[in-house]
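Residues per chain are reported as follows:
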Amino acid sequence: MQKSLSVYDSDGSTFAPLVVIELVSETKEEAIAWLLNRVRDKQQDGGDGDGFLSMAECQYIIKHELDNLRAKDEAHVPGYPKMKLYPGKSVIRRMQSKGILVQVFPLHEKEELKRLSFSWFKKIKLSFQPLDDIRHYFGEGMALYFGFLEYFTLALIPMALIGIPYYLFDWEDYDKFTVFAGFNLVWCTVILELWKRLSASLAYGWGTLSRKKAFEEPRPGFHGVLGVNPVTGRAEPLYSNAKRQLRIYLVSVPFVLLCLYLSLYVMMIYFDMEGWALMIHDEEPTFWTGLLLFIPSIIYAVVIEIMNLIYRYAAEFLTGWENHRLESTFQNHLVLKVLVFNFFNCFASLFYIAFVMQDMVLLRQSLATLLITSQILNQIMEAFLPYWLQRRRNKKAHKRMIKTMEDKELPLSEQVKLEADMSTYLGTFDDYLELFLLFGYVSLFSCVYPLAAVLVVLNNVTEVYSDAFKMCKVFKRPFSEPAANIGVWQLAFEAMSVIAVVTNCALIGMSPKVKSYFPESETQLILWVVGFEHFLLASKFILTFVIPDVPKHIQIKLSRLEFESLEALKKRVKHFGKDKLQNLG
């Protein structure tokens, strides 16, 4: 249950509520009064100017203040003598962990959300997404995700257009796939470099391109002995880096290695199942035994998705237990853990088939089955499930509206109750992870299965509308996060593109036509392939430096802005110096 929400401030003036703090119904009045006093502590009169800050930015500021609300000299939460407080501990996190505070979430703005929904997903049309509107309502981090999703989909179209005729006319001609592999090599490098330029243009337009994180605040979950930050001079929790490193290398790393071993064990079971199905089909080839050949791959694809999901929660728990001070460091360690396992879990079997078994027919079949099965499962989880949740929520809203039929719109208290029941959006992590794996399927092995890009394009088009629907209708409004780029995911995609160069060069070297040029010496073939691969990697890194991350016209604007800022500072210092001399005179 929730405590009643008032739309009147302490001085009697009305205000538009931005963030809801939900407490359990039995919360004691002295605890509520104490929390309100702590929230209002050190408030000063003033404002940000009408329309200067978007609602998303205002909500982000509120969240930042709540996250940094830390205990001072209080021994316990008022009214709860057993709930001890320690100096420097996060007050909000402590109350959440003890079950007093249920949740904190920002409210939707109904009219603005209605306009965004109409321009975003209610009108199905061939057009670009309203990224500026998404940024204004959900923040830069969310807008950059949808911008990358749209860009990735458009970048796949050339691959799809080339892949369709290859699939239709050269299905069994493996040698001709070497041309497709060569196109892969150029494509995966160029699109990532062009994306950096596009994201820089978007971030510049939103005012976050030059955003610095030098003095990032400690994350809410960070704990330690209260001390003094040597840089800021402020009191904050301190935790030994040696203890953190011990936790990482003695617990987290062995756990990840154990999970990789289990993944390898499951992969070998899958190959045993493949051998069994092939043996049955060879003994008595029928339509049904032909279908049986696809069953092991389907089962393996489902198991991969389940293992990825379980590992995701384990990795999140471990990374939290490592007690990283900054949110950016926490995210980097979490992304690294998840990517290593997901890459191995999803692609190890394909590498084994390609380079150990060297069975291109099985590779094509396995890639197609893994890709199609994972997309079907994702669409069920991301499209059909949210639609069912939305219909269920609409029924609740209809029952509540029966009591207030005379009202033209849902009262604020009812809106808060309705949004409190909505699902919580857990961030763009899983969305980027899905795109990362799809990028891997396309860039690594699509030369063997050219329809991979076509399937990913169809998946991404559906993804745009299902993700937009979820954000507007299924999930609580998430707190916005300022961002200048897609962060560590850019490095992840670039690492995948390097692996793609090596993989495609190896596949080209395995082509019978290429092998025919080196009939007497396999060592010479390997040396030529390795040399060609090194040449391409060198070209890739040269291309990275040749193509600027920030477009020239934006670099000029940033330099001009910096120059004008310095000139204004000089004038200010000069004017201050004259005033000081006059006062002395």
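The shown structure was predicted, so the numbers you read here are calculated from the model rather than taken from an experiment.

(A) Local environment of the overall build of the protein. When you go through the protein residue by residue, the secondary structure sums to 19 helices and six strands. Within the protein, buried positions represent 44% of all 585 residues. For the protein, the exposed surface amounts to about 32100 Å²; the carbon and sulfur share of it is 64%.

(B) Summary view of the UniProt feature "transmembrane region" (unreviewed entry) in the protein. Within the UniProt annotation, "transmembrane region" (unreviewed entry) is assigned to residues 143-165, 177-195, 248-271, 291-313, 334-355, 367-389, 435-458 and 525-547. Within the segment residues 143-165, helix and strand shares are 100% and 0% respectively, and the terminal C-alpha atoms sit 35 Å apart. Overall, residues 334-355 shows 100% helix and 0% strand. The separation of its end C-alpha atoms is 30 Å.

(C) Expanded view of the packing of helix α6 (residues 140-169) against helix α14 (residues 429-445). The geometry of α6 relative to α14 is characterised by a closest axis approach of 11 Å and an angle of 15° between their N-to-C directions. With respect to each other, α6 and α14 are oriented roughly parallel. Considering the relative orientation of α6 and α14, their crossing is left-handed. In this structure, α6 uses Gly141, Leu144, Tyr145, Phe148, Leu149, Phe152, Leu156 and Met159 to contact α14, whose residues at the interface are Asp431, Tyr432, Leu435, Leu438, Phe439 and Val442. Partitioned by chemical class, the residues of the contact of α6 with α14 number twelve nonpolar, one polar and one charged.

(D) Summary view of the pairing of strand β3 (residues 80-84). Sheet topology note: the strand β2 (residues 76-77)/β3 ladder contains two bridges and is antiparallel. Across the sheet, Val77 pairs through a bridge with Tyr80, a residue of β3. Linkage of β2 to β3, two consecutive antiparallel strands, is achieved through a turn of two residues, within which Gly79 is found at a positive phi near 90°.

(E) Expanded view of the packing of aromatic side chains. By the definition in use, this model includes 28 aromatic pairs. Their ring planes at 10° and their centres at 6.2 Å tell us that Phe148 and Phe152 sit as a pair that is stacked. Pair noted here: Phe148 and Phe152 are both in helix α6, with a separation of four residues, about one helical turn. Residue Phe152 is classed as buried on the basis of its relative accessible area of 2%. With a centroid separation of 6.1 Å and 45° between ring planes, the pair formed by Phe343 and Phe351 is classed as tilted.

(F) How the structure looks around the environment of Gln365. In this structure, Gln365 sits in helix α12 (residues 360-402). In this structure Gln365 comes out as buried when scored by relative accessible area, which is 18%. Linking Gln365 and Tyr449, residues 84 residues apart in sequence, is a C-alpha distance of 8.4 Å. Leave out the neighbours within four places in its chain, and Gln365 touches Glu274, Leu293, Phe294 and Ser297.

(G) Looking closely at helix α5 (residues 131-138). Of the positions making up α5, those classed as buried are Leu131, Ile134, Arg135, Tyr137 and Phe138. Buried residues in α5 make contact with α2 (55-67), α4 (110-122), α6, α7 (177-206) and α15 (452-474). Positive backbone phi, approximately 100°, marks Gly139, located one or two places after α5.

(H) Region of the structure containing the nonpolar core. The biggest cluster of nonpolar side chains holds 111 residues, and the ones touching the most others in it are Trp120, Ile134, Phe146, Trp187, Phe439 and Trp489. Per-element accounting of this core gives the leading share, 14 residues, to α6. Among all residues touching Phe439, those that are not within four sequence positions of it are Phe152, Trp187, Cys188, Ile191, Leu192, Phe493, Met496 and Ser497. Judged by nonpolar contacts, the second largest core, of 17 residues, contains Trp34, Leu35, Leu85 and Leu101.

(I) The confidence of the model for the protein, seen in detail. Residues at a pLDDT of 70 or more form 85% of the protein, whose mean pLDDT is 80. When the criterion is pLDDT under 50, residues 1-8 qualifies, and its contacts beyond four places in sequence or with other chains add up to 27 contacts. This stretch, residues 43-50, has a pLDDT under 50; its non-local contacts, to residues over four places away or in other chains, come to two contacts.

(J) Region of interest: unusual backbone geometry. Its identity as a non-glycine residue notwithstanding, Asn323 has a phi of 65°, on the positive side. One can find Asn323 in the loop between α10 (295-321) and α11 (327-357). Even without glycine at this site, Gln358 takes up a positive phi of about 50°. Mapped onto the elements, Gln358 comes out in the loop between α11 and α12.

(K) Up close: the pattern of salt bridges. Following the criterion strictly, the structure yields ten salt bridges and no others. Here Glu57 ties to Arg135 by a salt bridge, and the two come within 3.4 Å at their closest N and O atoms. With a gap of 78 residues between them, Glu57 in helix α2 and Arg135 in helix α5 connect regions that are remote in the sequence. Close ionic contact of Lys470 with Asp467 constitutes a salt bridge, the shortest N to O distance being 3.2 Å. Remark: Asp467 and Lys470 occur in helix α15; sequence separation between them is three residues, near one turn of the helix. A single network of salt bridges, built from pairs that share partners, joins Glu193, Lys196, Glu494 and Asp549.

Criteria and cut-off values
- Residues numbered from 1 in each chain as written.
- Predicted model: local features only at pLDDT ≥ 70, side-chain atom pairs only at ≥ 80, totals over all residues.
- Heavy atoms only, no water.
- Helix = DSSP H or I, 4+ residues; strand = E, 2+ residues; numbered from the N terminus.
- Buried < 20%, exposed > 50% of the residue type's maximum accessible area, 1.4 Å probe, protein only.
- Areas by Shrake-Rupley, 256 points an atom, 1.4 Å probe, with all protein chains shown as cover.
- UniProt positions renumbered as here; feature names shortened; annotations may be inferred.
- Axes fitted to C-alpha atoms, helices over the stretch in contact; angles between N-to-C directions.
- Parallel < 35°, antiparallel > 145°, perpendicular 65-115°, else oblique.
- Left-handed = near helix turned anticlockwise from the far one by under 90°.
- Contact = heavy atoms within 4.5 Å.
- Nonpolar A, V, L, I, M, F, W, Y, C, P; charged D, E, K, R; others polar.
- Pairing = 2+ DSSP bridges.
- Phe/Tyr/Trp six-rings, centres within 6.5 Å; stacked < 30°, edge-to-face > 60°.
- Core = buried A, V, L, I, M, F, W, Y, C linked by side-chain atoms within 4.5 Å.
- pLDDT = per-residue confidence, 0-100.
- Salt bridge = Lys/Arg side-chain N within 4 Å of Asp/Glu carboxyl O.

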